[in-house]
Amino acid sequence: MATHREKQQQELYENMKKYDELVKDLNEKAEHLGNETFFTHLRLYNEQKEQLEDIKQYFEEVGMPPEQNTTEAILSLALKEFHQYLMYIKNEQQPEE
């Protein structure tokens, strides 16, 4: 017989599976409709959650508008900056002709 915690854990896993299916369905429908929005299956660990909270706190302290101080906005900015960094490295490593 499963404990209450084990039942809750099983329910969590079932809901995560439903979430994954929902994200897949949303992306397929969006692509079919020509919508440029893409949803991800992002799962953050506690350390990453704390890093986001630190960033949000800093942005609040420096007066960042609330609409730019969301998890989505922060991750989009971080991805853009990381992409620029990688492209810089990639371009620096190309042999000169």
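The rules behind the values
Residues numbered from 1 in each chain as written. Predicted model: local features only at pLDDT ≥ 70, side-chain atom pairs only at ≥ 80, totals over all residues. Heavy atoms only, no water. Helix = DSSP H or I, 4+ residues; strand = E, 2+ residues; numbered from the N terminus. Buried < 20%, exposed > 50% of the residue type's maximum accessible area, 1.4 Å probe, protein only. Contact = heavy atoms within 4.5 Å. Areas by Shrake-Rupley, 256 points an atom, 1.4 Å probe, with all protein chains shown as cover. Lys, Arg positive; Asp, Glu negative; His and termini not counted. Charge placed at Lys NZ, Arg CZ, Asp CG, Glu CD. Axes fitted to C-alpha atoms, helices over the stretch in contact; angles between N-to-C directions. Parallel < 35°, antiparallel > 145°, perpendicular 65-115°, else oblique. Nonpolar A, V, L, I, M, F, W, Y, C, P; charged D, E, K, R; others polar. Phe/Tyr/Trp six-rings, centres within 6.5 Å; stacked < 30°, edge-to-face > 60°. Expected span 1.5 Å × (residues − 1). Polar contact = N/O pair within 3.5 Å; in protein donor to acceptor, adjacent residues only side chain to side chain. pLDDT = per-residue confidence, 0-100.

**Q** In this structure, what is going on with the overall build of the protein? I would like to understand it.
**A** A tally of regular secondary structure across the protein gives 3 helices and 0 strands. Along the first, second and third principal axes, the C-alpha atoms of the protein reach 70 × 40 × 30 Å. Expressed as a percentage of the 97 residues in the protein, the buried residues total 7%. Long-range contacts, defined here as pairs at least 24 residues apart, represent 10% of the contacts in the protein between residues at least 6 apart. For the protein, the accessible surface area stands at approximately 9200 Å², while carbon and sulfur atoms represent 54% of it. Seen as two clouds, the 11 positive and the 21 negative side-chain charges of the protein have centres 10 Å apart.

**Q** So what exactly am I meant to see when it comes to the packing of helix α2 (residues 46–61) against helix α3 (residues 71–93) here?
**A** When two helices pack together, their arrangement is given by the angle between the helix axes and the distance between those axes. Look at α2 against α3: their axes get within 11 Å of each other, and the N-to-C directions meet at 100°. By the angle between their directions, the pair α2 and α3 is classed as roughly perpendicular. Where α2 abuts α3, its residues Leu52, Ile55, Lys56 and Phe59 lie against Thr71, Ile74 and Leu75. Split by residue class, the contact of α2 with α3 holds 5 nonpolar, 1 polar and 1 charged.

**Q** Just to check I follow, could you spell out the packing of aromatic side chains for this structure?
**A** The way to describe two aromatic rings as a pair is by their centre distance and the angle between their planes. Tallied over the entire structure, the rule returns 1 aromatic pair. When the ring of Tyr58 is compared with that of Phe59, the centres are 6.2 Å apart and the planes differ by 50°; the resulting orientation is tilted.

**Q** What is the right way to look at α2 in this model?
**A** Every α-helix carries 3.6 residues per turn, so stepping three or four residues along brings you back to the same face. Compared with an ideal rise of 1.5 Å per residue, which puts 16 residues at 22 Å, α2 spans 22 Å between its outermost C-alpha atoms and is within 8% of the ideal. Just downstream of α2 lies Gly63, where phi reads positive at about 85°.

**Q** Would you take a moment to explain the side chain of Asn69 for this structure?
**A** Tracing the sequence through the fold places Asn69 in the loop between α2 and α3. Within the structure, the side chain of Asn69 is placed 3.0 Å from the backbone oxygen of Lys56, a separation counted as a polar contact. Ignoring any residue separated from it by four or fewer positions in sequence, one finds Asn69 in contact with Ile55, Lys56, Phe59, Glu60, Met64 and Ile74.

**Q** Got a minute to help me understand the confidence of the model for the protein in this structure?
**A** Interpretation of this model should avoid reading the predicted coordinates in detail wherever pLDDT is low. With 98% of its residues at a pLDDT of 70 or more, the protein has an overall mean of 94. In the model of the protein, α3 stands out as the element of lowest mean pLDDT, 95, in contrast to α2, which has the highest, 97.

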